[in-house]
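Survey of secondary and tertiary structure
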Amino acid sequence: MNLPAPEELRRRAEEALIRCGADIGAPSGALVARSPITGTDLRTVVTSSADDVDAAISAAHEAFLTWRSVPAPQRGAVVRRLGQLLTEHERDLAELVTLEAGKIPSEARGEVQEMIDICEFAVGLSRQLYGRTMASERPGHRLMETWHPLGVVGVISAFNFPVAVWSWNTAIALVCGDTVVWKPSEKTPLTAIACDALLAQAAHDVGAPTGLHALVQGSVDVGEQLVDDARVALVSATGSVRMGRAVGPRVAARFGKSLLELGGNNGAVVAPSADLDLAVRGIVFSAAGTAGQRCTSLRRLIVHSSIADELLNRISAAYRTLTVGNPFDDGVLVGPLVDSQAFDAMQTALDKARADGGTVICGGERRGTDNPAYYVSPALVRMPAQTSVVREETFAPILYALTYDTFDQAIAMHNEVPQGLSSSIFTTDQREAERFLAADGSDCGIANVNIGTSGAEIGGAFGGEKDTGGGRESGSDAWKAYMRRATNTVNYSDQLPLAQGVEFT
Ligand code: NAD
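Because the structure is predicted, anything quoted here is derived from the model rather than measured. Think of each chain on its own: its residues are numbered from 1, step by step along the sequence as written. Owing to the predicted nature of the model, reporting of local features is limited to residues with pLDDT of at least 70; listing and counting of side-chain atom pairs is limited to 80 or more, with chain, interface and lining totals taken over all residues. With hydrogens and water set aside, each side-chain value is computed from the structure's full complement of heavy atoms.

Moving on, we get to the sheet that holds strand β10 (residues 266–270). An order of β12-β15-β16-β11-β10-β18-β19 is seen for the seven strands of this open sheet, with the pairing classed as mixed. Single-partner strands in this sheet number two, and they are β12 (359–362) and β19 (446–449). In this sheet, neighbouring strand axes are inclined to one another by 25° on average, regardless of whether the strands run parallel or antiparallel. Should DSSP find at least two bridges between two strands, the strands are taken to pair. Secondary structure follows DSSP: runs of H or I at least 4 residues long count as helices, runs of E at least 2 residues long count as strands, and numbering of each begins at the N terminus. With four bridges connecting them, strand β15 (residues 379–382) and strand β16 (residues 398–404) associate as parallel partners. Looking across to β16, one finds that Leu380 is bridged to Leu399. Any two residues whose heavy atoms approach within 4.5 Å at even a single point are treated as in contact. Fitted lines through C-alpha atoms serve as axes, helices being fitted only where they are in contact, and the angles separating the N-to-C directions of these axes extend from 0 to 180 degrees. Most of the contacts of helix α12 (residues 340–355) go to β16, to which it runs at about 25°, and overall it touches β12, β15 and β16.

Structure representation (structure tokens):
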């Protein structure tokens, strides 16, 4: 496989960081930023010590005490400016996303576009943090709710959306009057440095107070410090179910709030009436795009037995045309896996699937083994049943195909996994489509009709049920997780009637 020289990638990373205004100096520190494109180092970064993390939380808490009283529309100014800077530096940030996460440039730019979109959304939201007024049962009383800033938000993010998830949290948190301490994935420290620099520039340009945002770098121990610190009012953590199982109970033990965005095991039902041209395109993008490394990647295909052979033939034909390789090369649609562990996990899953009676229709093999990068052909595997390996999330491009005969069976199979993030149905039968979206249909936080499971827009609330953690981020009313609600009763009469007609004289 023809891969770029590691020095070229290092140069590109350094130049993009500088263009984003990052004060990088000479590489130093123990945290190694790698590029999955070549499997080689990009540069080293300083890991935050326990004292650094403590100081970051203290500064963010101090800044919060001022920021919470700045009127929300004024708070929106810093996010508006951030959106402008992200627009100016869209290519620089996308370049870093490709370098560190291995995404093809159009997907990397799409991720940055999500950041710009959420900034626009948050600026509008800064004038719409509405509370309700309710009818009081008492004469001369007003009953209402107000939404107040919450405090410091600790953002812990995953490698596969190294910048968008931060922006979903940070843009909303800032207009809500919160301050942010961010621990990015230890696999993507450079994109984080660029984002932090752009936000610092935005805050400076609009004269916002200092300390609204702090970046802490490192791995699990740094995240744990955010999780355990009582000054962090909300821990918004995105990553694996394993991480959520560790984080959720620890935050709950101190009665902190958590917002968990965890792994998915997303399924698509393909009904006999489906438009197969459209379905094949939606399935291939969802399953093979981003090399299967999206939380919303399609992992399970539940297809009616009458069309299974035709559909699987068409998907495998499409898979064989996918160009796998250096994401910077024109025409490449599938970049690398993030590292060797991801490759090993994929091979282990394929072995288990074969042992369970599955047949690998195509893909699964490593491409270009003469380098320390891990490129694979997306795999399509026909399974006789939904065995334990199918019920797990393997963060790699494996699409398991299962067949069904009745629609009830399809829904039951679809919901019979621990995770509940994204789902879709391909059908032209309105009854099936509506049933899939109904209370006894898909049990996921995202349920789509005639599009794939991945590629959500920022306008909707994003997140999932069951082992996916139950959190919601991004659009709709997800902002409420970043604020605290107060219910207020105001008596403007000269009487003191008690609620529920209670007499106390
Ligand atoms: P990961 O769980 O290994 O790490 C995610 C982050 O959590 C990292 O920053 C890591 O350092 C931190 N972390 C891990 N254990 C921790 C602990 N005990 N305490 C505090 N912090 C801890 O995940 P990953 O490999 O980076 O990302 C892939 C996973 O993330 C997949 O499961 C994917 O589905 C999921 N994901 C979910 C969403 C979503 O919105 N639901 C979005 C992106 C990724």
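Take the domain arrangement of the protein chain next. When its domains are assigned, the protein chain resolves into domain 1 (6–262 + 469–485) and domain 2 (266–457). Here the limits of each domain have been adopted from an automatic or database domain assignment. Computed over C-alpha atoms, the centres of domain 1 and domain 2 are 30 Å apart. With 23 residues of domain 1 in contact, the opposing surface of domain 2 contributes 24 residues. Across the domain 1 to domain 2 interface the summed buried area is about 1900 Å²; carbon plus sulfur atoms make up 61%. Contact with domain 2 buries area across many residues of domain 1, yet Ile37, Ile104 and Glu107 alone supply 25% of it, more than any other trio. Every case where a carboxyl oxygen of Asp or Glu lies within 4 Å of a side-chain nitrogen of Lys or Arg is listed as a salt bridge. The interface formed by domain 1 and domain 2 holds two salt bridges in total. In this structure, the salt-bridge partner of Glu107 is Arg294, at a minimum N-O distance of 2.9 Å. N or O atoms closer than or at 3.5 Å make up a polar contact, with two conditions inside protein: a donor-capable atom paired with an acceptor-capable one, and, for residues adjacent in sequence, both atoms drawn from side chains. One can count five residue pairs in polar contact (both at pLDDT 80 or more) joining domain 1 with domain 2. Elements supplying a minimum of two residues to the side of domain 1 that touches domain 2: α1 (6–19), α4 (90–101) and α5 (105–125). By definition, the buried area sums, over both parts, the 1.4 Å-probe accessible area that each loses when the two are put together.

Turning next to the layout of surface pockets. Cavity: a set of points on a 1 Å grid over the protein atoms alone where a 1.4 Å probe fits but cannot get out. Pocket: an open set with protein on both sides within 12 Å along at least five of seven lines, its lining residues, like those of a cavity, having an atom within 4 Å of a point. Grid points are joined across faces, edges and corners, and a volume is the space filled by probe spheres set on the points. In this structure, the second largest pocket spans a volume of roughly 370 Å³. Elements supplying a minimum of two residues to the lining of the second largest pocket: β2 (40–45) and α7 (189–206). Ranked by the residues each element gives to the lining of the second largest pocket, the list is headed by α7, at four residues. Residue classes follow a fixed rule: Ala, Val, Leu, Ile, Met, Phe, Trp, Tyr, Cys and Pro count as nonpolar, while Asp, Glu, Lys and Arg count as charged, and any other residue, Gly among them, counts as polar. Partitioned by chemical class, the residues of the lining of the second largest pocket number 11 nonpolar, five polar and three charged.

Below, the discussion takes up empty space enclosed by the protein. Over the atoms a probe the size of a water molecule is rolled, and this reveals where empty space is left. Scanning all chains against the criterion turns up one cavity of 30 Å³ or more. Every residue along the wall of the largest cavity is listed here: Ala101, Gly102, Lys103, Ile104, Glu107, Thr290, Ala291, Gln293, Gly335 and Pro336. Three or more residues apiece are contributed to the lining of the largest cavity by two domains, here domain 1 (6–262 + 469–485) and domain 2 (266–457).

Now for the side chain of Thr98. Relative to the helices and strands, Thr98 is located in helix α4. Burial here depends on accessible area, computed with a 1.4 Å probe over protein chains only, as a share of the maximum for the residue type. Under 20% is buried, over 50% is exposed, and the range in between is partly exposed. According to the relative accessible area criterion, Thr98 is buried, its value standing at 1%. Leaving out residues up to four positions away in the same chain, Thr98 has contacts with Ile37, Lys103, Ile104, Pro105, Ala108, Pro327 and Phe328.

Here we take up the pairing of strand β11 (residues 298–304). Burial of β11 is extensive: seven of the seven residues sit out of reach of the surface. By the bridge criterion, five bridges tie β10 to β11 in an arrangement that is parallel. When the bridges of β11 are listed, Val270 appears paired with Val303. A crossover links β10 with its parallel partner β11, the connecting element being helix α10 (residues 276–288), and its sense is right-handed. Here the term right-handed applies to a crossover when the path leading from its first strand over the helix to its second strand runs clockwise, the strands being oriented away from the viewer.

By convention in these notes, a residue is near a molecule or strand provided one of its non-hydrogen atoms lies within 4 Å of it. Near the ligand you find 28 residues, and of these Ser157, Glu186, Ser240, Leu262 and Glu393 are the closest. The backbone of Gly239 places a nitrogen or oxygen atom 3.4 Å from an oxygen atom of the ligand. Per-residue and other accessible areas follow the Shrake-Rupley method at a 1.4 Å probe size, with only the shown protein chains counted as cover for residues. Contact with the protein chains hides 91% of the accessible area of the ligand, taken as 850 Å² for the molecule alone. Mapped onto the shell around the ligand, the elements with two or more residues apiece are α8 (220–228) and α9 (241–253). When residues in the shell around the ligand are grouped by element, the largest group, four residues, is from α9. Looking at the shell around the ligand residue by residue, the classes come out as 13 nonpolar, nine polar and six charged. Mapping the shell around the ligand onto the domain boundaries places at least three of its residues in each of domain 1 (6–262 + 469–485) and domain 2 (266–457).

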